[in-house]
Structure formats: C-alpha cells, structure tokens
Amino acid sequence: MTNQKRSTWTIAAMLCMSASPASATTYVVNTLLDTPRVNDTYAGCRDAERRCSLRAAIEASNIRPGTDVIEFSVAGVIQIDSNLGTMILADDPIIIKGQTAPGYAGMGVDIGDAPPRVFLDGTGVTNGIGLGFLDGSSGSSVTALGVVNFSYVGILVNPGAEDIRFDSCYIGVGSSGLAAGNSFGFYIRGNDNKIGRYAGLTSAIPPVLGVVGRGNIISGNTQTGVWLESSGNVVGGNRIGT
C-alpha cells in the first residue's frame, strides 16, 4: 500500500469519526449543595470537593455537545446559593430525571400522591430563576422535580427553545402540599413546548400514538401559574391552583 493511499484512508477515517454524533452521558447528582463545576475541561460533573451538584451537572452538559441525562442518588432540598444566583441556564439538551431520586413513589402513582423527592428552593435569590432553557436546549425534558420560592420564574423557556417537556413536577407547592410560590410558575417564550399530558408517541416498543404524561401540580405562584408568550405550546392534564 502506498503512503498516499494510507494517508487518504487515514484522513477518511478521521472524518468519519468526527462526524459521529456524541453519545449521551449520564451525570448522577450526589449532593444537595449548590456548588459550581470546577473550571477544568476534563472535570466532567465535579465541584471543588469532587461532588456532582445539579449546577455542576448542567454546566458539564452545556460544555459537552449532544443530549445528556441527569439523575439523582440523593433526595431533599437544593437551596440555591444566593451568592451564585440563578441556577445555570441550559443551552444544550438535557433530560432531568427527578424520578430517579431515592424514595420516589413511582411514575404509575397519582401525581398528588407522588411529590418530587428533589426540590429547588430559590429563597433569598434576587431575580431568581429555578430552571432556564436557552436556544440550543430544544428536546430537553424535566420529570418529577419541585421548583419553589423563586422571586422571578420557576421555569423559564426562552425563544428558540422548543419541544421541551415538563411532567410530574410540583411548581410553587412543596412536598407537603403547602404553597411555596414562585412569582411566575412557568414563563414560556419558546414554541411547541409541552406542560403536562399531550397526545404523542408512547414509550411502548414499537411506539404507538397515545396520551403521554400525567401532568404537573402548579399552584401558589404569586403572579401566574403558566404564562405563554409563544405559539404551539400544549398545557394539559395539570392541576393548576389546587
């Protein structure tokens, strides 16, 4: 084989490798502390004490291209650090699976009997945002997470962020059912997002058209539960103001 042919094949192989989509990485949150990620390209989800916080997981996902998954090995309240301010906004697709937290009642249980086991609490954060999704985060989802006491918005979806799904969440109400309102529960500025139940492809194999999701509990928010400034969004099957 000539050197020219060998070089040509090597370049072609490198191009094929670079064109391959990045496989999803799963980050497992193992602390309730709100700590930032170490500023290191190779750190993954790791703070200064080698823990994986939710903030660090979102930061790590933002750095890494492609859809990533966030799971939980801890349960409780993540008190947002007022010195750090608003939780990092997602600018890459993330799948947040609050149902993986220890002690969760299960996705087959009525939403009223299955409060999230992980809550984000924004008490004391100026102009606080619980979770935010920017252009580039389309296709994300959040399941079984509580978001309470944020002075601005519990969950913000900015223009350009589309097809983001929210289900089995408590927005503005604590696990005990008592009000712990945000100012706005959901503030939706992107198109075609889904809050609660909707008609779509189920997780059956093969997928079939059916009703997906069981809804969210959205209550206690001081301005409004769901504010829409865009088109094509679906809000269905939720318990709002209960």
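Worth saying up front: this structure is predicted, and the values here are computed from it rather than measured.

A. Fine view of the nonpolar core. Among the nonpolar cores identified, the biggest contains 39 residues, and Leu54, Phe72, Leu131, Phe133, Leu145 and Phe166 are the most heavily contacted of them. Ranked by the residues each element gives to this core, the list is headed by helix H2 (residues 54-63), at 5 residues. For Phe166, the contacting residues outside a window of four places in its chain are Phe133, Val142, Ile155, Val157, Phe186, Lys194, Ile195, Gly196 and Asn216. Ile111, Val173, Ala180 and Ile217 belong to the second-largest nonpolar core, a separate cluster that totals 7 residues.

B. Here's a closer look at the sheet that holds strand S1 (residues 26-29). Spatial strand order, S1-S2-S4-S7-S10-S13-S18: 7 strands in an open sheet with parallel pairing. Only two strands of the sheet have a single partner each, and these edge strands are S1 and strand S18 (234-236). Along the sheet, successive strands turn relative to each other by an average axial angle of 10°, direction set aside. Inspection of the sheet shows strand S7 (residues 141-143) paired to strand S10 (residues 165-167) by 3 bridges, in the parallel sense. If you follow Val142 over to S10, its bridge partner there is Phe166.

C. Spotlight on the state of the cysteines. Within the structure shown, the criterion is met by 1 disulfide. Here Cys45 pairs with Cys52 through a disulfide, and the sulfurs are 1.9 Å apart. Because the torsion about its S-S bond is 95°, the bridge between Cys45 and Cys52 counts as right-handed. The exposure classification of Cys45 matches that of Cys52, with both residues buried. Between Cys169, a cysteine without a disulfide, and Cys52, which holds the nearest cysteine sulfur, the sulfur-to-sulfur distance is 19 Å.

D. Molecular detail of the packing of aromatic side chains. Using the criterion set out here, one finds 8 aromatic pairs in the structure. Measuring from centroid to centroid gives 6.4 Å for Phe119 and Tyr170, while their planes differ by 85°, and the two rings are edge-to-face. Of the two residues, Phe119 is situated in strand S5 (residues 118-121) and Tyr170 in strand S11 (residues 170-171); the sequence distance between them amounts to 51 residues. Each ring, one from Phe133 and one from Phe166, has its centre 5.8 Å from the other, and the planes form 75°; the classification is edge-to-face. With Phe133 in strand S6 (residues 129-133) and Phe166 in strand S10, this pair connects stretches of sequence that are 33 residues apart. Per residue, the accessibility class of Phe133 equals that of Phe166, and both read buried. Through pairs of rings, three or more aromatic residues link up here, namely Tyr152, Phe184, Tyr187 and Trp227. In this structure, Lys194 is placed above the aromatic ring of Tyr198, and the distance from its NZ or CZ to the ring centre is 5.5 Å.

E. Examining the confidence of the model for the protein more closely. Within the protein, residue pLDDT values average 89, and 90% of them lie at 70 or more. In the model, residues 2-21 has pLDDT below 50 throughout and makes 2 contacts with residues more than four positions away in sequence or in other chains.

F. Up close: the sheet that holds strand S9 (residues 153-157). Strand order across the open sheet formed by 4 strands is S6-S9-S12-S17, with parallel pairing between neighbours. Looking at which strands have only one partner, the edges of the open sheet turn out to be S6 and strand S17 (224-228). On average, each strand axis in the sheet is inclined to that of its neighbour by 5°, with strand direction left out of account. Note: S6 against S9, 4 bridges, orientation parallel. Across the sheet, Ile129 pairs through a bridge with Val153, a residue of S9.

G. Local environment of unusual backbone geometry. Phi at Arg50 is positive, roughly 65°, even though this residue is not glycine. Looking at where Arg50 falls in the secondary structure, it is placed in the loop between S1 and H2.

H. Representation of the pattern of salt bridges in the model. Overall, the coordinates contain 7 salt bridges when judged by the stated rule. The shortest N-O distance in the salt bridge between Asp47 and Arg51 comes to 2.8 Å. A residue is classified by how much of its surface remains accessible, and Arg51, at 26% relative accessible area, is partly exposed. In this structure, Arg189 engages Glu229 in a salt bridge whose closest nitrogen and oxygen atoms are separated by 3.7 Å. Taken together, the residues span a long stretch of sequence, with Arg189 in the loop between strand S12 (184-188) and strand S13 (194-196) and Glu229 in the loop between S17 and S18 at a distance of 40 residues. Residue Arg189 is classed as partly exposed on the basis of its relative accessible area of 35%.

What counts as what
Residues numbered from 1 in each chain as written. Predicted model: local features only at pLDDT ≥ 70, side-chain atom pairs only at ≥ 80, totals over all residues. Heavy atoms only, no water. Core = buried A, V, L, I, M, F, W, Y, C linked by side-chain atoms within 4.5 Å. Buried < 20%, exposed > 50% of the residue type's maximum accessible area, 1.4 Å probe, protein only. Helix = DSSP H or I, 4+ residues; strand = E, 2+ residues; numbered from the N terminus. Contact = heavy atoms within 4.5 Å. Pairing = 2+ DSSP bridges. Axes fitted to C-alpha atoms, helices over the stretch in contact; angles between N-to-C directions. Disulfide = S-S within 2.5 Å. Phe/Tyr/Trp six-rings, centres within 6.5 Å; stacked < 30°, edge-to-face > 60°. Lys NZ or Arg CZ within 6 Å of the ring centre and 35° of its normal. pLDDT = per-residue confidence, 0-100. Salt bridge = Lys/Arg side-chain N within 4 Å of Asp/Glu carboxyl O.

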